[in-house]
Amino acid sequence: MPAVTGRSIRTCVAAASLLSLPPLGAQTAQPLTLKAAYDAALAFDAQYLASTHELESARQQIPQARALLLPNVGLTASASRVDGYREFANNLSQEVRVPLDYASPNASLTMRTPLFNADSKSRFNQAVKSVDAAEELFRARHDDLVNRLVDSYLQV
């Protein structure tokens, strides 16, 4: 993991302070408050935004793992059409020709459900633990963001 510097926070604080400059012709500039700097850091800090996406990615593992525990249902349908003649010899060795004209529909519904699947249960438990770890990492990165922000804000 790269060393954490306050450079990106300082950039956010500096950009937010530039945004707080008055338009041309205005009399006074409004100072950048800590709340405004915090809002800007939440919206633009790369490390914090990356951690939010990592957390969302980890949360998606739970429904995927739960799906492995659910039954699988499949439906297959087909239809074929037969049009032609069937030729064969009868008991008297005479050639017989019978016209054929029929449809042959077919449908199949299958359902498979696991009674006991230790691998899928293990994957589900692993996904839950992964989300717990990602939430703790997210909290730690949020605390780091606040620390870097306050440090940079007080230095400015």
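Here, the structure is the one placed above.
Here the structure is a predicted model, which means the values were calculated and not measured.

1. Observations concerning the overall build of the protein
Thinking step 1. For the protein, the count of helices and strands is 5 helices and 2 strands.
Thinking step 2. Ordered by position from the N terminus, the helices and strands of the protein form the series α-α-α-α-β-β-α.
Thinking step 3. In the protein, the proportion of contacts linking residues at least 24 apart, taken out of those at least 6 apart, comes to 72%.

2. What about a nonpolar patch on the surface?
Thinking step 1. A cluster of nonpolar residues, Val73, Leu75, Leu109 and Met111, forms a patch on the protein surface that exposes about 510 Å² of accessible area.
Thinking step 2. Note on placement: leucine 75 falls in strand 1 (residues 72-89).

3. What to know about the packing of aromatic side chains
Thinking step 1. Per the counting criterion, the structure on display carries 1 aromatic pair.
Thinking step 2. Where tyrosine 48 meets phenylalanine 138, the ring centres are 5.4 Å apart and the plane angle is 40 degrees; that geometry is what we call tilted. With tyrosine 48 in helix 3 (residues 46-59) and phenylalanine 138 in helix 5 (residues 118-155), the pair connects residues that are 90 residues apart, well separated along the chain.
Thinking step 3. For tyrosine 48, a relative accessible area of 12% corresponds to the buried category.

4. A closer look at helix 2 (residues 34-44)
Thinking step 1. All of the buried residues along helix 2 are Ala37, Ala40 and Ala41. Seen end-on, helix 2 carries its buried residues on one side only, within an arc spanning 100 degrees.

5. Concerning the pattern of salt bridges
Side-chain pairing between opposite charges can occur once the charged atoms of the two side chains come close.
Thinking step 1. For the coordinates displayed, the defined rule picks out 9 salt bridges.
Thinking step 2. Residues lysine 35 and aspartate 39 are paired through a salt bridge, measuring 3.0 Å at the closest nitrogen-oxygen approach. With lysine 35 and aspartate 39 both in helix 2 and 4 residues apart, the pair spans about one turn of that helix.
Thinking step 3. You can call aspartate 39 partly exposed: its relative accessible area is 36%.

6. Comments concerning the packing of helix 3 against helix 5
Thinking step 1. At a minimum axis distance of 9 Å, the contact between helix 3 and helix 5 shows a crossing angle of 170 degrees. It follows that helix 3 is roughly antiparallel to helix 5 by the angle criterion. Of the two possible hands of crossing, helix 3 and helix 5 adopt the one that is left-handed. On helix 5, the residues touching Gln47, Tyr48, Ser51, Thr52, Glu54, Leu55, Ala58 and Arg59 of helix 3 are Ser130, Val131, Ala134, Glu135, Leu137, Phe138, Arg141, His142, Asp144, Leu145 and Arg148.
Thinking step 2. Among the residues forming the contact of helix 3 with helix 5, the class breakdown is 8 nonpolar, 5 polar and 6 charged.

7. Details of the environment of leucine 154
Thinking step 1. Relative to the helices and strands, leucine 154 is located in helix 5.
Thinking step 2. Overall, leucine 154 belongs to the exposed group, its relative accessible area being 67%.
Thinking step 3. On a C-alpha basis, the gap between leucine 154 and leucine 34 in space is 9.4 Å, while along the polypeptide they are 120 residues apart.

Definitions and limits used
- Residues numbered from 1 in each chain as written.
- Predicted model: local features only at pLDDT ≥ 70, side-chain atom pairs only at ≥ 80, totals over all residues.
- Heavy atoms only, no water.
- Helix = DSSP H or I, 4+ residues; strand = E, 2+ residues; numbered from the N terminus.
- Contact = heavy atoms within 4.5 Å.
- Patch = residues over 30% accessible without salt bridge, like charges linked within 9 Å, V, L, I, M, F, W, Y side chains within 5 Å.
- Areas by Shrake-Rupley, 256 points an atom, 1.4 Å probe, with all protein chains shown as cover.
- Salt bridge = Lys/Arg side-chain N within 4 Å of Asp/Glu carboxyl O.
- Phe/Tyr/Trp six-rings, centres within 6.5 Å; stacked < 30°, edge-to-face > 60°.
- Buried < 20%, exposed > 50% of the residue type's maximum accessible area, 1.4 Å probe, protein only.
- Arc of directions from axis to C-beta.
- Axes fitted to C-alpha atoms, helices over the stretch in contact; angles between N-to-C directions.
- Parallel < 35°, antiparallel > 145°, perpendicular 65-115°, else oblique.
- Left-handed = near helix turned anticlockwise from the far one by under 90°.
- Nonpolar A, V, L, I, M, F, W, Y, C, P; charged D, E, K, R; others polar.

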